Amino acid sequence: MDSIDDLKNGKLPKHLAIIMDGNGRWAKQKGRLRVFGHEHGVKAVRDVAVNCSKLGIKYLTLYAFSTENWKRPKLEVDTLMKLLVSSLKKELHTLNENNIKLNAIGNIESLPSRALAELKEVMAKTSSNTTMTLTLALSYGSREEIKKAIQSISTKVKNNIISPENIDETIINNHLYTRNLPDVDLLIRTSGEHRISNFLLWQIAYAELYFIDVFWPDFKEHHLLEALKNYQHRERRFGKTSEQLN
Ligand code: IPE
Ligand code: IPE
Ligand code: MG
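Quick caveat: nothing in here was measured; it's all calculated off a predicted structure.

(A) Examining the site of ligand 1 more closely. Surveying the vicinity of ligand 1 reveals 13 residues, the closest of which are Asp21, Gly24, Arg25, Arg34 and Arg72. For ligand 1, an oxygen atom lies 2.9 Å from a polar atom in the side chain of Arg34. The fraction of the free accessible surface of ligand 1 (380 Å²) that becomes covered by protein chains is 88%. Counting only elements with at least two residues in the shell around ligand 1, the list comes to helix H2 (23–29), helix H3 (34–55) and helix H4 (74–97). At three residues, H2 tops the list of elements feeding residues into the shell around ligand 1.

(B) Region of interest: the site of ligand 2. Close contacts around ligand 2 come from Ile19, Met20, Asp21, Tyr63, Ala64, Phe65, Asn69, Arg72, Arg189, Arg195 and Ser197, and that covers them all. Arg72 places a polar side-chain atom, nitrogen or oxygen, 3.2 Å from an oxygen atom of ligand 2. For the shell around ligand 2, the element with the most residues is strand S2 (residues 59–66), which contributes three residues. Considered class by class, the residues forming the shell around ligand 2 number five nonpolar, two polar and four charged.

(C) Summary view of the pairing of strand S3 (residues 100–105). Relative to strand S4 (residues 132–140), S3 is paired through six bridges, and the arrangement is parallel. Each bridged residue has a counterpart across the sheet, and for Lys101 the counterpart in S4 is Thr133. Running through helix H5 (residues 113–125), the crossover from S3 to the neighbouring parallel element S4 is left-handed.

(D) Broad picture of H3. Relative to the 32 Å expected for 22 residues at 1.5 Å per residue, H3 spans 32 Å between its end C-alpha atoms, a close match to the ideal helical length. Gly56 sits one or two positions beyond H3 and adopts a positive phi of about 95°.

(E) Structural view of the environment of Ile146. You can see Ile146 is positioned in helix H6 (residues 142–158). Taking C-alpha positions, Ile146 is 23 Å from Leu102, a pair spaced 44 residues apart along the chain. In contact with Ile146, other than residues within four places in its own chain, are Leu176 and Trp202.

(F) The packing of H3 against helix H8 (residues 221–232), seen in detail. One way to put it is that H3 packs onto H8 with a least axis distance of 10 Å and a crossing angle of 45°. Taken together, the axes of H3 and H8 lie oblique to each other. H3 and H8 meet at a crossing whose hand is right-handed. Facing H3, whose interface residues are Val48, Asn51, Cys52 and Leu55, H8 presents Glu221, Leu224, Leu225 and Leu228. The residue inventory of the contact of H3 with H8, partitioned by class, reads six nonpolar, one polar and one charged.

(G) Structural detail: the sheet that holds strand S6 (residues 208–211). Within the open sheet, the six strands sit side by side as S3-S4-S2-S1-S5-S6. Their pairing is parallel. Every interior strand has two partners, whereas the edge strands, S3 and S6, have only one. Averaged over all pairs of adjacent strands, the angle between their axes in this sheet comes to 20°, without regard to strand direction. One ladder, built from five bridges, connects strand S1 (residues 15–19) with S2; its direction is parallel. Residue pairing in the sheet places Leu16 in a bridge with Leu60 of S2. The strands touched by H3 within the sheet are S1, S2, S3 and S4, with S2 carrying the most contacts at an inclination of about 160°.

(H) Here's a closer look at the side chain of His175. Within the fold, His175 resides in the loop between helix H7 (169–174) and strand S5 (186–189). Within the local environment of His175, its side chain forms a polar contact with the backbone oxygen of Ile171, the two atoms lying 2.7 Å apart. Excluding residues that lie within four positions of it along the chain, His175 makes contacts with Ala149, Ser152, Ile153, Lys156 and Ile162.

(I) Spatial organisation of the pattern of salt bridges. All told, the structure shown has 16 salt bridges when counted by the stated rule. Put simply, Glu208 and Arg236 hold a salt bridge, and the shortest N to O gap is 3.9 Å. Within this pair, whereas Glu208 is found in strand S6, its partner Arg236 is found in the loop between H8 and helix H9 (242–245), the two being separated by 28 residues in sequence. Taken together, the shared-partner salt bridges in this structure form one network comprising Asp21, Arg25, Arg189, Glu193 and Arg195.

Rules used in this analysis
- Residues numbered from 1 in each chain as written.
- Chains lettered and ligands numbered in written order.
- Predicted model: local features only at pLDDT ≥ 70, side-chain atom pairs only at ≥ 80, totals over all residues.
- Heavy atoms only, no water.
- Near = heavy atom within 4 Å.
- Polar contact = N/O pair within 3.5 Å; in protein donor to acceptor, adjacent residues only side chain to side chain.
- Areas by Shrake-Rupley, 256 points an atom, 1.4 Å probe, with all protein chains shown as cover.
- Helix = DSSP H or I, 4+ residues; strand = E, 2+ residues; numbered from the N terminus.
- Nonpolar A, V, L, I, M, F, W, Y, C, P; charged D, E, K, R; others polar.
- Pairing = 2+ DSSP bridges.
- Right-handed = clockwise from strand over helix to strand, strands pointing away.
- Expected span 1.5 Å × (residues − 1).
- Contact = heavy atoms within 4.5 Å.
- Axes fitted to C-alpha atoms, helices over the stretch in contact; angles between N-to-C directions.
- Parallel < 35°, antiparallel > 145°, perpendicular 65-115°, else oblique.
- Left-handed = near helix turned anticlockwise from the far one by under 90°.
- Salt bridge = Lys/Arg side-chain N within 4 Å of Asp/Glu carboxyl O.

What follows is the structure, given as structure tokens:
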């Protein structure tokens, strides 16, 4: 295993995104309720955020709750929202100690008022931090994000603010929740599932994908380092030939 210093000498993703999956199965395996898995998932979130900031990754985006996750049993949804509030309260000092700025993407207005208020408070209290931007995707769905972008661009076209022939990728980017974030370089999904589940469809167009079998609460520092090492050995061609890159 390479050390952190070895990794730092190579190319790291500027923007790492993670689909944190497998909390429920992790708990089930231990004969516990799904919510037990979510509780343990929080520690993995803290560790990955601190490790990424120490490594010098500038943007970390974590899929915490999807638009589709609202369809889960009420008890699970309620517990996840409570966990969000308690974790935000508890981790504010971790964010500030590590100079991490908190950001959120998704339809956050649909969160329970307590969760939204806590989220806004922690974002305000970390807004001048500069080492890393930690973005939580909450009530996030990529198709909804794209739909909203199309609606607001269409309104601007109707009001003669934008002309249709001028719509380009920059304009589209500027109407997404991720307008202040660069494209994703590396996307990790835990739990052995090989799908995207409506996460950042536009933004991962040229991301490297990395799937790992461990459930999210078991995702440790060495798994992160292994994923980053694997990323460093990939050749990102963006449509060009290998020869053109050299
Ligand atoms: C990921 O773990 C956390 C959320 C989606 C909120 P899951 O809860 O999806 O766990 P599995 O995939 O059912 O094991
Ligand atoms: C994706 O996981 C959403 C999050 C990790 C928050 P899911 O567990 O909801 O995805 P599917 O339903 O297995 O595709
Ligand atoms: Mg899942």
